[in-house]
Amino acid sequence: MSNKRGPMGHGRMQGEKAKDFKGSMKNLIRHLSAYKISLLLVLIFAVGSTVFSIIGPKILGNATTEIFNGLVSKVSGGAGIDFAKVGQILIFLLIMYAVSALFSYIQSFLMTGVTQKVTYQLRKAISEKINRMPMKYFDGKTHGEVLSRVTNDIDTLSQSMNQSVIQIITSVTTVIGVLIMMFSISWLMTIVALLILPVSMLLVSAIVKRSQKYFKAQQEYLGHVNGQVEEVYGGHNIVRAFNSEEDVVKTFDETNETLYKSAWKSQFFSGMMQPIMNFIGNVGYVVVAILGGWLAIGGTITVGNIQSFIQYVKTFTQQVSSVAQVTNMLQSTAAAAERVFEFLAEEEEDQTVPNPVSIEGLQGRVSFDHVQFGYNPEKIIIKDFSAAVEPGQKIAIVGPTGAGKTTMIKLLMRFYDVTGGAILIDGHNVKDFNRSELREMFGMVLQDTWLFNGTILDNIRYGKLDATDEEVKAAAKSAHVDHFVKTLPDGYHMVLNEEASNVSQGQKQLLTIARAILADPKILILDEATSSVDTRTEERIQKAMDNLMRGRTSFIIAHRLSTIRDADLILVMNNGDIVEQGTHEELLARKGFYAKLYNSQFESVQSA
């Protein structure tokens, strides 16, 4: 089911889907496995750093014992504290902690490199994936939802993966090492301290079970919020023109409220772990202190060992808490990874075919042979479309809104594939071409102009990336845009802003025509785009389009029928079918559907 929202960002939130934690983590591990050597070094340095830090409390305990024994000796009339020996112990301890810190820095440096490489590869994979996906996917998603996969989900994956992998290694190593050190001091105190572990695990398990679904919901709803913000920002002029600010804010508040609830719940459950673990840890300290004091009185352990043991209990409790936090991080990692891998696993278009037809030497003859198509297989909108177009002909496609004009162009360029019949170019089925080569045959000038943030020179050169400056300027002259460009402060090197708002609509259209002329395609697709410009600019655009169409097969989606009276063939569409074919004069003489359309427009112009 589509969850696409309209201009105001309306849309329903999808229900919670089952989370494939194991599958997502398996995919992530597969990507990490490409960096086995780096991960092995991370493991070695992380273990080394942890081992050195674990031994520290035992050595510090020895220093404490030495001081305690010295004080007791002093009271008894002995030599007192041996400060030289205490100093040696502390210097050795300082060296160990320094080595531990160095190892920790190295493993963090290596792990950061691995995670950034993995996220780089995933971003690249998503970018390439977008170009292989069918148009129907984007018809069902907002821009913000797709962008959220590249930004929010990848960022979450990067941060949580970098922290969780190191934390897992450190926590596991620390827990094992601390247990060994605790048993070396007192097995009885260790068993008593371990009694808190089942209680901790039960609480952690209960919290994780509740929080898991909220982390997934948080990531999903964040994409919805981004999508709405992107849409509303892109159309803020329309929003203001229709005084829909309140509706937009209301819709955003509803979406934001849903995100707030899922984020609040996930963070609340995550935040509960630390205070609960602290409480359990404090109870453990009290029990250990009482038992340790009793054993020290009996001479079983030293005072320094009690201090070391309490530090180990504290470390042990912290690591259990860290494991809980890592579990939450892994939930966040899996939630983000699942969304990324779901996107990468989406159905793709077939980009290549075995033994593809070459586009070399093709003339541009196009045949529609009983074409059938429906965006939904259960609802066919183009039932039986047939037409023959000779090379160099100018073909106009006319009809009321929703007649199927743009759909035919999408089928011609294989943005969608026909469900019945065939489209042939010079006798070859369009499905027998590689998609990229097929689209090299086409040049497009659409009503909605697209210019990117860059110089005018670069925007025109987009039609042929290896074109020289002279070729670009020649195309600009053919498009009647050269004179206008020369009047600009920086000429062809003027930078267009993101919305290209520093040039007029007509100038944008002329630049896109220059781009198409430079591409030199065999077949042109023109979406008539002169309705929003003045008469003089319209004449310039029409002359530019005439230069562009000369000698090329051209398909014109016509809105104003007066502009296509000289077309070689006019295809009149209604409800997905061609209801009439012929020249302008032939169709008027029939006094059919086309004549009614033309006369209604003519009468409208006269009355205006």
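Remember, it's a predicted structure, so these values are computed and weren't measured experimentally.

A. Examining the overall build of the chain more closely. The number of helices and strands found in the chain is 19 helices and 12 strands. Taking 2.2 N^0.38 as the reference for a compact globule, 608 residues should give roughly 25 Å; the C-alpha atoms of the chain span a radius of gyration of 36 Å, well beyond that estimate. Counting only C-alpha atoms, the chain reaches 130 × 55 × 50 Å along its principal axes. Residues classed as buried in the chain amount to 45% of the 608 residues present. Intrachain contacts of the chain at a sequence separation of at least 6 include 80% that bridge at least 24 residues. Accessible surface computed for the chain: about 31,000 Å², of which carbon and sulfur atoms make up 58%. If the 58 positive side-chain charges of the chain are averaged to one point and the 59 negative ones to another, these points end up 7 Å apart.

B. Quick peek at a nonpolar patch on the surface. Taken together, the side chains of Ile37, Leu40, Leu41, Leu43 and Ile44 make up a nonpolar region of the molecular surface, amounting to roughly 470 Å² of accessible area. Relative to the elements of secondary structure, Leu40 occurs in helix α2 (residues 36-75). For Leu40, a relative accessible area of 48% puts it in the partly exposed group.

C. Expanded view of the pairing of strand β12 (residues 577-582). Judged from the five bridges that link them, strand β11 (residues 569-574) and β12 form a sheet pairing that is antiparallel. What sits directly across from Val572, in β12, is Glu580. Counted along the chain from β11 to the antiparallel partner β12, the turn is two residues long, and its residue Asn575 has a positive phi close to 55°.

D. Spatial organisation of the packing of helix α3 (residues 83-130) against helix α5 (residues 143-185). At a closest axis distance of 9 Å, the pairing of α3 and α5 adopts a crossing angle of 160°. Classified by the interaxial angle, the pair formed by α3 and α5 is roughly antiparallel. Regarding α3 and α5, the two cross each other, and that crossing is right-handed. Packed against α3, whose contacting residues are Gln107, Ser108, Met111, Thr112, Thr115, Gln116, Val118, Thr119, Leu122, Arg123, Ile126 and Ile130, the element α5 presents Val146, Arg149, Val150, Ile154, Asp155, Leu157, Ser158, Met161, Asn162, Val165 and Ile166 at the interface. Class assignment for the residues of the contact of α3 with α5 results in 12 nonpolar, eight polar and three charged.

E. Seen up close, the side chain of Thr455. Within the fold, Thr455 resides in strand β7 (residues 454-455). Under the relative-accessibility criterion, Thr455 is labelled buried at 16%. Among the polar contacts listed, one links the side chain of Thr455 to the backbone nitrogen of Asp458, at a separation of 3.0 Å. In this structure Thr455 touches Tyr492, His493, Met494 and Val495, once residues within four positions along its chain are discounted.

F. Representation of the packing of aromatic side chains. Summed over the entire model, instances satisfying the criterion amount to 10 aromatic pairs. Arranged with centres 6.2 Å apart and planes meeting at 90°, the rings of Phe368 and Phe555 form a pair that is edge-to-face. Of the two residues, Phe368 is situated in strand β1 (residues 366-373) and Phe555 in strand β10 (residues 553-557); the sequence distance between them amounts to 187 residues. On the accessibility criterion, Phe368 (5% relative accessible area) is buried. The class of Phe555 is buried, set by a relative accessible area of 0%. Here a set of aromatic residues connected by ring pairs shows up, and it is made of Phe45, Phe52 and Phe103.

G. Representation of a positive patch on the surface. Among the surface-exposed residues, Arg210, Lys213, Lys261 and Lys265 lie close enough to one another that they form a single positively charged patch. Looking at the positive patch, the elements that each hand over two or more residues are α7 (196-234) and α9 (245-297). In this structure, Lys265 sits in helix α9. Here Lys265 falls in the partly exposed class, since its relative accessible area comes to 33%.

H. Region of the structure containing the confidence of the model for the chain. Looking at the chain as a whole, the pLDDT averages 79, with 91% of positions reaching at least 70. Within the model, pLDDT remains below 50 along residues 1-18, and this stretch shows 47 contacts once partners closer than five positions in the same chain are excluded.

I. Local environment of helix α16 (residues 505-519). Its 15 residues place the ends of α16 21 Å apart at the C-alpha level, agreeing with the 21 Å of an ideal helix rising 1.5 Å per residue. Of all 15 residues that make up α16, 12 are buried, and the element is covered over most of its length. Taken as a whole, α16 has its buried residues at Gly506, Lys508, Gln509, Leu510, Leu511, Thr512, Ile513, Ala514, Arg515, Ala516, Ile517 and Leu518. Immediately downstream of α16, the backbone of Asp520 shows phi near 55°, a positive value.

J. Here's a closer look at the pattern of salt bridges. The final tally for this structure, using the stated rule, is 13 salt bridges. The residue Asp155 makes a salt bridge to Arg123 at a minimum N-O spacing of 2.5 Å. One end of the pair, Asp155, is in helix α5; the other, Arg123, is in helix α3, with 32 residues separating them in the sequence. A relative accessible area of 33% means that Asp155 is categorised as partly exposed. Residues Asp482 and Lys486 are paired through a salt bridge, measuring 3.2 Å at the closest nitrogen-oxygen approach. Taken together, the residues span about one helical turn, with Asp482 and Lys486 both in helix α15 (residues 482-486) at a distance of four residues. When its relative accessible area of 9% is taken as the criterion, Asp482 is described as buried. Residue classification places Lys486 among the exposed residues on the basis of a relative accessible area of 57%. Among the charged side chains, a network of salt bridges with common partners joins Lys129, Arg132 and Glu348.

K. The arrangement of the sheet that holds strand β6 (residues 442-445) in detail. The strand order across the open sheet built from six strands is β6-β9-β10-β3-β11-β12, with neighbouring strands paired in mixed fashion. On the outer flanks of this sheet lie β6 and β12, each paired with one strand and no other. Direction aside, neighbouring strands of the sheet carry axes that sit 20° apart on average. In the sheet, strand β9 (residues 523-527) pairs with β10 via five bridges, with the strands oriented parallel. Bridge pairing in β10 links Ile525 to Phe555.

L. Expanded view of the environment of Asp566. By secondary structure assignment, the location of Asp566 is in the loop between β10 and β11. Spatially, the C-alpha atoms of Asp566 and Ile395 are 9.6 Å apart, while their sequence positions differ by 171 residues. In this structure the side chain of Asp566 is engaged in a polar contact, spanning 2.9 Å, whose partner is the side chain of Lys394.

M. Molecular detail of the nonpolar core. Counting 44 residues, the largest nonpolar core has Ile456, Ile460, Val481, Ile513, Ile570 and Tyr594 as the members making the most contacts within it. Residues in contact with Ile456, not counting those within four places in the same chain, are Val485, Leu488, Gly491, Tyr492, Met494, Leu496 and Leu511. Judged by nonpolar contacts, the second largest core, of 35 residues, contains Val389, Met413, Val418 and Ile557.

Cut-offs used in this document
- Residue positions within a chain follow its written sequence, with the count starting from 1.
- Local features in this predicted model are restricted to residues of pLDDT 70 or higher, and side-chain atom pairs are both shown and tallied only at a pLDDT of 80 or more, whereas totals for entire chains, interfaces and linings draw on every residue.
- With hydrogens and water stripped out, all remaining heavy atoms of the structure feed into the side-chain values.
- Numbering of helices and strands starts at the N terminus; helices are DSSP runs of H or I of at least 4 residues and strands are runs of E of at least 2.
- In this description the radius of gyration comes from C-alpha coordinates, and the expected globular size is given by 2.2 Å times residues to the power 0.38.
- The buried label goes to any residue with under 20% of its type's maximum accessible area, the exposed label to any with over 50%, and the partly exposed label to all in between, with areas taken from a 1.4 Å probe on protein chains only.
- Residue contacts are defined here by distance: any two heavy atoms, one from each residue, within 4.5 Å place the two residues in contact.
- Where accessible areas are quoted, they stem from the Shrake-Rupley method and a 1.4 Å probe; at the residue level, only the protein chains shown are allowed to cover.
- We count Lys and Arg on the positive side and Asp and Glu on the negative side, and we leave His and both chain ends out.
- Here the site of a charge means NZ on Lys, CZ on Arg, CG on Asp, or CD on Glu.
- By definition, no residue in a patch forms a salt bridge, and every one has over 30% relative accessible area; like charges are joined within 9 Å, nonpolar side chains (Val, Leu, Ile, Met, Phe, Trp, Tyr) within 5 Å.
- In what follows, salt bridge is the name for a side-chain nitrogen of Lys or Arg lying within 4 Å of a carboxyl oxygen of Asp or Glu.
- Paired strands are those between which DSSP finds at least two bridges.
- In this description, a line fitted to the C-alpha atoms serves as the axis of each element, helices being fitted only across the stretch in contact, and the angle between N-to-C directions of two axes falls anywhere from 0 to 180 degrees.
- Angular relationships are summarised with four words: roughly parallel below 35 degrees, roughly antiparallel beyond 145, roughly perpendicular across 65 to 115, and oblique for the angles in between.
- Handedness of a crossing follows from how the near helix is turned relative to the far one, being left-handed for an anticlockwise turn of less than a right angle and right-handed for a clockwise one.
- Residues were grouped as follows: Ala, Val, Leu, Ile, Met, Phe, Trp, Tyr, Cys and Pro as nonpolar; Asp, Glu, Lys and Arg as charged; and all remaining residues, including Gly, as polar.
- Polar contacts, as used here, are pairs of N or O atoms within 3.5 Å; protein pairs need one atom able to donate a hydrogen and one able to accept it. Residues neighboring in sequence count only if both atoms are side-chain atoms.
- Classification of ring pairs rests on two measures: the distance between centres of Phe, Tyr or Trp rings, Trp counted by its six-membered ring, which must be within 6.5 Å, and the angle between planes, read as stacked under 30 degrees, edge-to-face over 60 and tilted in between.
- What pLDDT conveys is the predictor's confidence in a given residue, as a value from 0 to 100.
- Working rule for helices: expected span equals 1.5 Å times residues minus one.
- Definition of nonpolar core: a set of buried residues of the types Ala, Val, Leu, Ile, Met, Phe, Trp, Tyr and Cys, connected through side-chain atoms within 4.5 Å.

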